[in-house]
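Overview (structure and organization)
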Amino acid sequence: MKQKYTITVSDVEMNVICEESPETVEALVGMVDRRMRKISAGGKPCSKAEAALLCALDYCADKIKTQRKVKSRESRLSASESTVEELEAENEELRKELEALRKKA
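Summary of the structure given here. (Residues numbered from 1 in each chain as written. Predicted model: local features only at pLDDT ≥ 70, side-chain atom pairs only at ≥ 80, totals over all residues. Heavy atoms only, no water.)

Two elements in contact, helix H1 (residues 22–40) and helix H2 (residues 48–104), have axes separated by 9 Å at closest approach and are oriented at 115°. Between H1 and H2 lies a crossing of right-handed hand. Counted together, Val32, Arg35, Met36, Ile39 and Ser40 of H1 and Lys48, Ala51, Ala52, Leu54, Cys55, Asp58, Tyr59 and Asp62 of H2 form the full contact between these two elements. Looking at the contact of H1 with H2 residue by residue, the classes come out as 8 nonpolar, 1 polar and 4 charged. (Axes fitted to C-alpha atoms, helices over the stretch in contact; angles between N-to-C directions. Helix = DSSP H or I, 4+ residues; strand = E, 2+ residues; numbered from the N terminus. Left-handed = near helix turned anticlockwise from the far one by under 90°. Contact = heavy atoms within 4.5 Å. Nonpolar A, V, L, I, M, F, W, Y, C, P; charged D, E, K, R; others polar.)

A separate point is the pattern of salt bridges. Applying the stated criterion across every chain yields a total of 4 salt bridges. Between aspartate 11 and arginine 37 there is a salt bridge, with the nearest N and O atoms lying 3.1 Å from each other. Remark: arginine 37 occurs in helix H1 and aspartate 11 occurs in the loop between strand S1 (3–9) and strand S2 (12–18); sequence separation between them is 26 residues. By relative accessible area, which is 56% here, aspartate 11 ends up exposed. Put simply, arginine 37 and aspartate 33 hold a salt bridge, and the shortest N to O gap is 2.9 Å. One end of the pair is arginine 37 and the other is aspartate 33, both in helix H1 and 4 residues apart, which spans about a single turn. Residue arginine 37 is classed as partly exposed on the basis of its relative accessible area, which comes to 39%. Its relative accessible area of 16% is what places aspartate 33 among the buried residues. Each of the salt bridges in this network shares a partner with another, and the network as a whole consists of Asp11, Asp33 and Arg37. (Salt bridge = Lys/Arg side-chain N within 4 Å of Asp/Glu carboxyl O. Buried < 20%, exposed > 50% of the residue type's maximum accessible area, 1.4 Å probe, protein only.)

Set out below in structure tokens:
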């Protein structure tokens, strides 16, 4: 169920409506606030709007990196599954050969 929250990020208060729990909203607000303050405290002064844009860009860059890692791991997992299936098929063939050899003996 959607809830309304009043949040403050980098001394800017706003209302948001979302389905997240209060704990999740608090964690998100804290994360964004810390990141914006870190950006603002850097060497070159910037406006809150610039800090917000840089924060969004950082988030998007992190998301893209994570998506690439997930795709890479999915590809490796898919290859591993194929290998497992091939090994199972080979194992079944060897069992049949062993059974045939036992019957001959």
